[in-house]
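Structure assessment
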Amino acid sequence: MTPEQLSTAIVDVLTTLSDDGVLALPDGVPASVTVERPRQKGHGDYATNVALQLAKKAHTNPRSLAELIGARLTEHDSVAGVEVAGPGFLNVTVSTGAQGAVAAQVVAAGPAYGHTETLAGQRINVEFISANPTGPLHLGHTRWAVLGDAIGRVLSAAGADVTREFYINDRGVQMNHFAASIIAAATGQEKPEDGYAGGYIDDLAKAVGDAVPGIFELPEPERTAAVRAKGYELQLAEQQESLESFNTHFDVWFSELSLHEEGQEDGGVPHTLERLKDLGHVYEEGGALWMRTTDFGDDKDRVLIKSDGELTYFASDTAYYLNKRARGFDHCIYLLGADHHGYVGRLRAMAACVGDDPDQTLDVMIGQLVKILREGQEVKLSKRAGNIVTLTELAEEIGVDALRYSLARYPADSPLTLDIAEITKASNDNPVYYVQYAHARTCAMLRNAADLGMVLPAGLADGSATEFDPSLLAHERDGELLRALAEFPRVVAAAAELREPHRVARYLEETASVFNKWYDTKECRMLPQGDEPVMPANIARMVLVVATQTVVGNGLALLGVSAPERM
RNA sequence: GCCCCUAUAGCUCAGAGGAUAGAGCGCCGGUUUCCUAAACCGGGCGUCGCAGGUUCGAUUCCUGCUAGGGGCACCA
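Per an unreviewed UniProt entry, chain A goes by the name Arginine--tRNA ligase and belongs to Nocardioides terrae. Its UniProt record gives chain A the following Subcellular location (unreviewed entry) comment, quoted word for word: "Cytoplasm". In its Subunit (unreviewed entry) section, UniProt records this for chain A: "Monomer."

This is the structure in C-alpha cells:
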C-alpha cells in the first residue's frame, strides 16, 4: 500500500461516513488527504492529520472524529492497525503483505516508476543559460545548466510536455566587439575598448584563420562580417559541445537574430511592435519608443527603440515571449541569476501588456550565485584573461557526475559555496558517491544472485507472481526501505510542481542510507548463506533489491547523473 | 531610498502548517569467519536572527526590525 493508496482509502472512509449521515461536511469530502511518514517511531507507518483539519468544519472535536474515521479504516484489508494519538492524529500501520507489495509495483513499473500525470497536459518551455555566443560557458552558467536540465527532466517525469530552450544572444553590439577582439588578436593589435580578452580569443583567432584562410586580409566591412560569422559559429559549437559532454541537452537553440528576420509573424520584432501599438501600451518620448510597463507594476517604463533607432534587448525579449506563446507554451520558465532579478518586474509587466496573466504563464526563477573554493580560497571570477573558470574546466577537474550532483542538491535560491576539495573526494563523505555506491551495491548483489541461479519471479506486473510472497518482507528494516521506495513518486511530483529538483537528491541520500542499513541487517540477507537453498524469503528480498535499484537509478537519471553498476 | 534572496548544530546545509527540529562533515569510540567497509553502530552539539500577529498547532504563513549578499541603464 502506497501513501497515495492510503490517502484514497481515507477519502473513501470519509465518503462513506458522509453518505451514512454520520459526518456532515459542509464543503464536501476532500479529494485527497495528507498522508505523511511520521518522524517519530511509534507513530505508525503513516500518519494523517485529516481529523485535525476537518473537525471544526464538521462541528466536532478532532479526537472524536479521528475515532470515527479510525474505526472504519481498520476494516480495510491493507490496514493492520489504527491509533488515535496526540491532539487527533491517526497513526496507521499497514499490513505486511500490503506494504511488501510495493516492491512488486516498483519493479513492474521499472524506468517509469516515479513518473506521474500530475502535470499532464501542460506545455512548458524551460529557458536557461542563454549566454552570449562570445565566449566559453563559465561557473556562472554551470549551476543553471544543472538546474535547468534537472527541472526539465523532473517536469517531464510529472507528465508535462517540456521543451528546453537556449536563447542565443547573437544580435547587438557585443557581436561586433567580439569580431573586433578576434581580429585584433589575429593581427597583433591592442585589444579594443569593450572587447573580449582571455586566451580563448587567441585560440579562436587561430581557428577562424585556419577555417577560412585569408579571412583577416579581407577589406572592411567584409572582414568584420566574415569574422563575426565564423567566430560565432565556432564559439556556439564550443558551447554546444561543452553542454553535451556535461549531459545537458537542449531541444531548441533559439537565435535572437531570427526574431528580426523577414517573415516572422507571431513573435517577430516588427510584428510585436505593431501589436503593442495596437494594444496601446507604447508611446514616444525623447525620440525613443517606450513600453508603459508601469501600468502593470514595473518600477519604470522601458525603452523598446532607442532614440538612435537601435532596438533594445527588451524589444527582443518581448518578441521572444510572444514567439513562445505562439508556439503553444502555457508556461514559460526563465532561470535567471540573482544579478538579473531586476528583470522580473519588467518581464511580468511585459506579459501583462500583451494580455497575459503573468501568474499563469510566467515563472521566473532567480537563482543565487555560486562561490567556489579552491584550497580554502574563493576563486574570484573576473573577465580579465586567465581568471575565467569555465564549465569545461570544472567538469574536468571535478567530474561531470560530482559537479552536477553537488549543484543539484541545493535549492536555486540558496546561496552556495562549493569547496572543490570536498566535492572531489571519492569517498562516502561525498553524497554523490554515497548514492551511486548504493546503486552499484544493488548491482553487485544481483550479479551474485544470478550466479546462484536466482531469478526474478514472473508476473510481478499483474500480481500473479506466485513465487513472490510480499508478507515475507516483515522485518522492521524491510518496512523502512519499502516506505522509502513508496515515497519516490510524491518526491518527483513535488520537485516538478515546486521546480525544486534538489528534493530528488535529498531523497536519494535518505533512501541510500535506509538501503545500507537494511543491507547490514543480518536478518535481511538477500543471498542464501553457505549451501543453504534459495528460500522464498531470499526471492522476496531480491525483488526488494531490484526495486531499490530501480528507484535509485531513476532518481539519478532525473538529475542527469550516471548510475554505475560497479565502483 | 526602493526591490529580490538569505539567516536553523563548531562548519556546509536539508526541513509542502504537525507530535520530542534533522543530515553530512568535523571530534571521540566501536563493528568484517557474513551479498562491495565507498558500509554500519554508539557518543553531544541548538535562545531555528529579534519582536509581534494568524492558527487547535509556526522553524515553516503575515507584518515590522536587525545583519549579510545581490539588483535598481535609451548596457548586452
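Back to the text.
Before going further, it helps to examine the pattern of salt bridges. Evaluation of the coordinates by the stated rule reveals 24 salt bridges. As a salt-bridge pair, Asp359 and Arg348 come within 2.8 Å of each other at their nearest N and O atoms. One end of the pair, Asp359, is in helix H12 (residues 358-361); the other, Arg348, is in helix H11 (residues 343-353), and 11 residues separate them in sequence. Across the pair Glu487 and Arg490 runs a salt bridge, and its minimum N-O distance is 2.7 Å. Taken together, the residues Glu487 and Arg490, both in helix H17 (residues 476-497) and 3 residues apart, mark about one turn of the helix. For Glu487, a relative accessible area of 9% translates into the label buried. Its relative accessible area of 23% is what places Arg490 among the partly exposed residues. Sharing partners across several salt bridges, the network here consists of Lys41, Glu476, Arg477 and Glu480.

What follows deals with the UniProt feature "short sequence motif: 'HIGH' region" (unreviewed entry) in chain A. UniProt records the feature "short sequence motif: 'HIGH' region" (unreviewed entry) at residues 131-141, using the numbering of this structure. Taken end to end, residues 131-141 is 27% helix and 0% strand, and its two terminal C-alpha atoms sit 8 Å from one another.

Another point: the protein's contact with RNA strand B. Every one of the 64 residues lining RNA strand B counts as a neighbour, but Lys56, Gln174, Asn428, Tyr437 and Arg525 are closest to it. Backbone atoms, meaning sugar and phosphate, form 62% of the atoms of RNA strand B found within 4 Å of the protein. Here a base nitrogen of RNA strand B and a side-chain polar atom of Asn49 are 2.9 Å apart. Residue Glu497 places a side-chain N or O atom 3.3 Å away from a base nitrogen belonging to RNA strand B. Sorting the residues of the surface near RNA strand B by element identifies strand E4 (89-94), helix H6 (173-187), strand E9 (288-291), strand E15 (416-419), helix H16 (431-451), H17 and helix H18 (502-519) as the ones contributing at least two each. Looking at the surface near RNA strand B element by element, the count peaks at 8 residues for H16. Broken down by class, the residue content of the surface near RNA strand B amounts to 26 nonpolar, 19 polar and 19 charged.

Taking burial as the measure, the 9 residues of helix H14 (residues 400-408) include 8 buried ones, the bulk of the element. When we look at burial in H14, the residues that qualify are Asp401, Ala402, Leu403, Arg404, Tyr405, Ser406, Leu407 and Ala408.

This part covers the sheet that holds strand E13 (residues 370-374). For sheets, the rule is that strands pair by backbone hydrogen bonds, running either parallel or antiparallel. The sheet built from 3 strands is open, its strands ordered E14-E13-E15 with mixed pairing. The two strands at the open ends of the sheet, each matched to only one other strand, are strand E14 (377-378) and E15. Relative to E14, E13 runs antiparallel, the two sharing 2 bridges. Bridging from a neighbouring strand, Leu373 pairs with Glu378 of E14.

One frequently used descriptor of interface size is the decrease in accessible area upon assembly of the parts. Segmentation of chain A into domains returns domain 1 (3-94), domain 2 (173-245) and domain 3 (427-558). Of note, the centres of domain 1 and domain 2, computed from C-alpha atoms alone, are 67 Å apart.

We now examine the nonpolar core. Counting 126 residues, the largest nonpolar core has Ile69, Ile129, Leu155 and Phe468 as its most contacted members. Per-element tally for this core: the top contributor is helix H19 (residues 536-558), with 12 residues. Among residues more than four places away in sequence, those in contact with Leu155 are Leu119, Ile124, Val126, Ala160, Val162, Ile333, Ala496 and Arg499. Counting 29 residues, the second largest nonpolar core, distinct from the first, contains Leu273, Leu304, Leu311 and Met350.

Let us look at H6. The terminal C-alpha atoms of H6, which comprises 15 residues, lie 21 Å apart, in line with the 21 Å expected from a rise of 1.5 Å per residue. Here H6 has its buried residues at Gln174, Met175, Phe178, Ala179, Ser181, Ile182, Ile183 and Ala184. Considering only its buried residues, H6 is in contact with helix H7 (199-211) and helix H8 (222-245). Once H6 ends, the next one or two residues include Gly188, with phi positive near 75 degrees.

A ring pair, where both rings are aromatic, is described by two values, the distance of the centres and the angle of the planes. The final tally for this structure, using the stated rule, is 12 aromatic pairs. Considering the side-chain rings of Phe166 and Trp253, the 4.4 Å spacing of their centres and the 25 degrees angle between planes classify their relative orientation as stacked. Linking Phe166 in strand E6 (residues 161-168) with Trp253 in strand E7 (residues 252-255), this pair joins segments that are 87 residues apart in sequence. Ring geometry for Tyr167 and Phe254: centres 6.4 Å apart, planes at 35 degrees, overall tilted. Taken as a pair, Tyr167 in strand E6 and Phe254 in strand E7 lie far apart in primary sequence, 87 residues in all. Grouped by ring-pair contacts, the aromatic residues Phe128, Phe166, Phe250 and Trp253 constitute a single cluster. Lying over the aromatic face of Tyr334, Lys324 brings its terminal NZ or CZ to 4.1 Å of the ring centre. Over the ring of Phe246 we find Arg404; its NZ or CZ atom is 5.5 Å from the centre of that ring.

Taken together, the 5 strands give an open sheet; going across it, the order is E7-E6-E5-E11-E12, and neighbouring strands pair in parallel fashion. The sheet is open, and its two borders are formed by E7 and strand E12 (362-367), each paired with just one other strand. Adjacent strand axes in the sheet meet at a mean angle of 25 degrees when their direction is disregarded. Examined bridge by bridge, strand E11 (residues 331-337) and E12 share 6 bridges and lie parallel to one another.

In this structure, Pro221 follows Glu220 across a cis peptide bond, with omega equal to 0 degrees. Structurally, Pro221 can be placed in the loop between H7 and H8. Residue His59 is not a glycine yet carries a positive backbone phi of 55 degrees. Along the chain, His59 falls in the loop between helix H2 (50-54) and helix H3 (62-73). Phi is positive for Ser130, which is not a glycine, with a value near 45 degrees.

Cut-off values and rules
- Residues numbered from 1 in each chain as written.
- Chains lettered and ligands numbered in written order.
- Predicted model: local features only at pLDDT ≥ 70, side-chain atom pairs only at ≥ 80, totals over all residues.
- Heavy atoms only, no water.
- UniProt positions renumbered as here; feature names shortened; annotations may be inferred.
- Salt bridge = Lys/Arg side-chain N within 4 Å of Asp/Glu carboxyl O.
- Helix = DSSP H or I, 4+ residues; strand = E, 2+ residues; numbered from the N terminus.
- Buried < 20%, exposed > 50% of the residue type's maximum accessible area, 1.4 Å probe, protein only.
- Near = heavy atom within 4 Å.
- Polar contact = N/O pair within 3.5 Å; in protein donor to acceptor, adjacent residues only side chain to side chain.
- Nonpolar A, V, L, I, M, F, W, Y, C, P; charged D, E, K, R; others polar.
- Pairing = 2+ DSSP bridges.
- Domains from an automatic or database assignment.
- Core = buried A, V, L, I, M, F, W, Y, C linked by side-chain atoms within 4.5 Å.
- Contact = heavy atoms within 4.5 Å.
- Expected span 1.5 Å × (residues − 1).
- Phe/Tyr/Trp six-rings, centres within 6.5 Å; stacked < 30°, edge-to-face > 60°.
- Lys NZ or Arg CZ within 6 Å of the ring centre and 35° of its normal.
- Axes fitted to C-alpha atoms, helices over the stretch in contact; angles between N-to-C directions.

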